Amino acid sequence: GQQLRVPAHGEPGVGGEPPGDLFVQIHIAPHRWFRLEARDVWLDLPIAPWEAALGATVRVPTLAGKVDLKIPKGAQTDQQLRLRGRGLPGSPAGDQFVVLKIVAPPAQSPADEALYKEMAAHLQTNPRQALES
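Conventions and cut-offs
Residues numbered from 1 in each chain as written. Predicted model: local features only at pLDDT ≥ 70, side-chain atom pairs only at ≥ 80, totals over all residues. Heavy atoms only, no water. Helix = DSSP H or I, 4+ residues; strand = E, 2+ residues; numbered from the N terminus. Rg over C-alpha atoms; globule rule 2.2 N^0.38 Å. Buried < 20%, exposed > 50% of the residue type's maximum accessible area, 1.4 Å probe, protein only. Areas by Shrake-Rupley, 256 points an atom, 1.4 Å probe, with all protein chains shown as cover. Lys, Arg positive; Asp, Glu negative; His and termini not counted. Charge placed at Lys NZ, Arg CZ, Asp CG, Glu CD. Pairing = 2+ DSSP bridges. Axes fitted to C-alpha atoms, helices over the stretch in contact; angles between N-to-C directions. Salt bridge = Lys/Arg side-chain N within 4 Å of Asp/Glu carboxyl O.

A. Layout of the overall build of the chain. For the chain, the helix and strand inventory stands at two helices and eight strands. Going residue by residue from the N terminus, the α and β elements of the chain occur as β-β-β-β-α-β-β-β-β-α. For 133 residues, the compact-globule estimate of 2.2 N^0.38 gives 14 Å, and the C-alpha radius of gyration of the chain, at 24 Å, exceeds that figure by more than 25%. A buried classification covers 20% of the 133 residues belonging to the chain. Of the accessible surface of the chain, which amounts to about 10,000 Å², a share of 56% is contributed by carbon and sulfur atoms. Between the mean site of the 14 positive side-chain charges and the mean site of the 14 negative ones, the chain shows a separation of 6 Å.

Structure representation (structure tokens):
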């Protein structure tokens with residue numbers, strides 16, 4: 001929505017007068033990975049359950065290229081991590097926020113199902129506990 005003025009590059013003036021100013025309206029097209037809020041860039045990052053539970057270092061796209069991001073041990077879905085200064089350039093530059101999205105792999109074989117059953121028996125967690133209060 002920002003507008004830029006380019007002096008003397010508009011239409012020619014009437015009766016031989018010098019050209020007027022050119023005004024350019026800036027629009028940023030949507031991106032398939034990033035969304036923009038002011039100067040900050042947001043990215044939803046899919047991660048595996050073991051990366052969330054154990055912590056990991058993963059490559060993350062930014063506007064300037066890929067960087068390594070440390071996923072903390074015990075990370076949760078919708079947790080936000082900030083990459084300072086990796087948003088839109090400017091003074092000050094924006095930040096990039098990475099929103100973690102844990103993606104559970106499907107149980108495609110009997111061995112996969114057995115592993116999930118073992119996890120359910122061993123970990124004994126109730127992700128809906130807060131809803132029962």
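B. Representation of the sheet that holds strand E7 (residues 80–83). Here we have four strands laid out as an open sheet, ordered E3-E4-E8-E7, and mixed in their pairing. What marks the edges here is a single partner per strand, and that holds for strand E3 (34–37) and E7. In this sheet, adjacent strand axes meet at a mean angle of 30° when their direction is disregarded. Where strand E4 (residues 40–47) and strand E8 (residues 96–102) come together, seven bridges link them in parallel fashion. Counted as the bridge partner of Leu45 is Leu100 from E8.

C. Representation of the pattern of salt bridges. Per the counting criterion, the structure on display carries five salt bridges. Across the pair Arg5 and Asp21 runs a salt bridge whose closest N-O atoms are separated by 2.7 Å. Highlighted residues: Arg5 in strand E1 (residues 3–6) and Asp21 in the loop between E1 and strand E2 (22–25), separated in sequence by 16 residues. In this structure, Asp78 engages Lys101 in a salt bridge whose closest nitrogen and oxygen atoms are separated by 2.3 Å. Taken as a pair, Asp78 in the loop between strand E6 (65–71) and E7 and Lys101 in strand E8 lie far apart in primary sequence, 23 residues in all.

D. Local environment of the pairing of E8. Counting buried positions along E8 yields five of seven residues, so the element is predominantly enclosed. Sheet analysis places E7 next to E8, joined by four bridges and oriented antiparallel. Bridging across to E8, Gln80 finds its partner in Val99.

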